[in-house]
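Listed below are the residues making up each chain.
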Amino acid sequence: MLLGGRWTVLDPLASIVVGAMLVKVAWDIMRPSLGELTDESLPANTEEEILSVFHSFPQISEPHNLRTRRIGSRVAIEAHIRMDGAMTLLEAHDLSSRIEKKLKERLGPQTIVTLHMEPKK
Ligand SMILES: [Zn+2]
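Residues numbered from 1 in each chain as written. Predicted model: local features only at pLDDT ≥ 70, side-chain atom pairs only at ≥ 80, totals over all residues. Heavy atoms only, no water.

J.: How should I be thinking about the packing of helix α2 (residues 44-55) against helix α3 (residues 89-107) in this particular structure?
T.: Helix packing for two helices is described by the angle between their axes and how far apart those axes are. Where α2 meets α3, the closest approach of the two axes is 10 Å, and the angle between their N-to-C directions is 145 degrees. Where α2 crosses over α3, the handedness of that crossing is right-handed. Contacts from T46, E49, I50, S52, V53 and F54 in α2 reach I99, K102, L103, R106 and L107 in α3. When grouped by side-chain class, the residues that make up the contact of α2 with α3 number 6 nonpolar, 2 polar and 3 charged. (Axes fitted to C-alpha atoms, helices over the stretch in contact; angles between N-to-C directions. Helix = DSSP H or I, 4+ residues; strand = E, 2+ residues; numbered from the N terminus. Left-handed = near helix turned anticlockwise from the far one by under 90°. Contact = heavy atoms within 4.5 Å. Nonpolar A, V, L, I, M, F, W, Y, C, P; charged D, E, K, R; others polar.)

Right, dumping it as structure tokens:
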């Protein structure tokens, strides 16, 4: 009788706890894809790593307008970089290819890199 009375009090409490746990699990599962749908940037430390790759090339300066996002399991990077305006297209292309290669080494071979090149000011 007494035990039966206790259980009736515990039941709603238990269902609140279980309910909260289910909401938490559902949120944890949905959270990463929600970020993707809303075009969320990559974490700050990853963006810093990308900038450090740019800074490791002395020929380029002032990387700006950095935009990053996750597309499924891939990473997409867009950035503006400045280089010597007197460079030939051959040299500029070679340099940007080396930068792309280095970014892919760090962030995965599937990484999509789009670089906008500007002459140094
Ligand atoms: Zn620019």
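On we go.
J.: Explain α2 here, please?
T.: Helical periodicity: at 3.6 residues per turn, an α-helix aligns residues three or four positions apart in one direction. For α2, built from 12 residues, the straight-helix expectation of 16 Å at 1.5 Å per residue is met to within 8% by its first-to-last C-alpha distance of 16 Å. Along α2, the residues that are buried comprise T46, E47, I50, V53 and F54. Angular distribution of buried residues about the axis of α2 spans 110 degrees; they occupy a single face of the element. Every exposed residue of α2 that faces more than 90 degrees away from the buried side is listed here: A44, N45, E48 and H55. (Expected span 1.5 Å × (residues − 1). Buried < 20%, exposed > 50% of the residue type's maximum accessible area, 1.4 Å probe, protein only. Arc of directions from axis to C-beta.)

J.: What is the right way to read the coordination of the zinc ion from this model?
T.: At 2.0 to 2.2 Å from the zinc ion lie its protein donor atoms, namely H64 (NE2), H80 (ND1) and E118 (OE). Along the chain, the residues donating to the zinc ion fall in the pattern H-x15-H-x37-E. Of the two residues, H64 is situated in strand β1 (residues 60-71) and E118 in strand β3 (residues 112-119); the sequence distance between them amounts to 54 residues. (Donors = N, O, S within 2.8 Å, 3.2 Å for Na, K, Ca; no water.)

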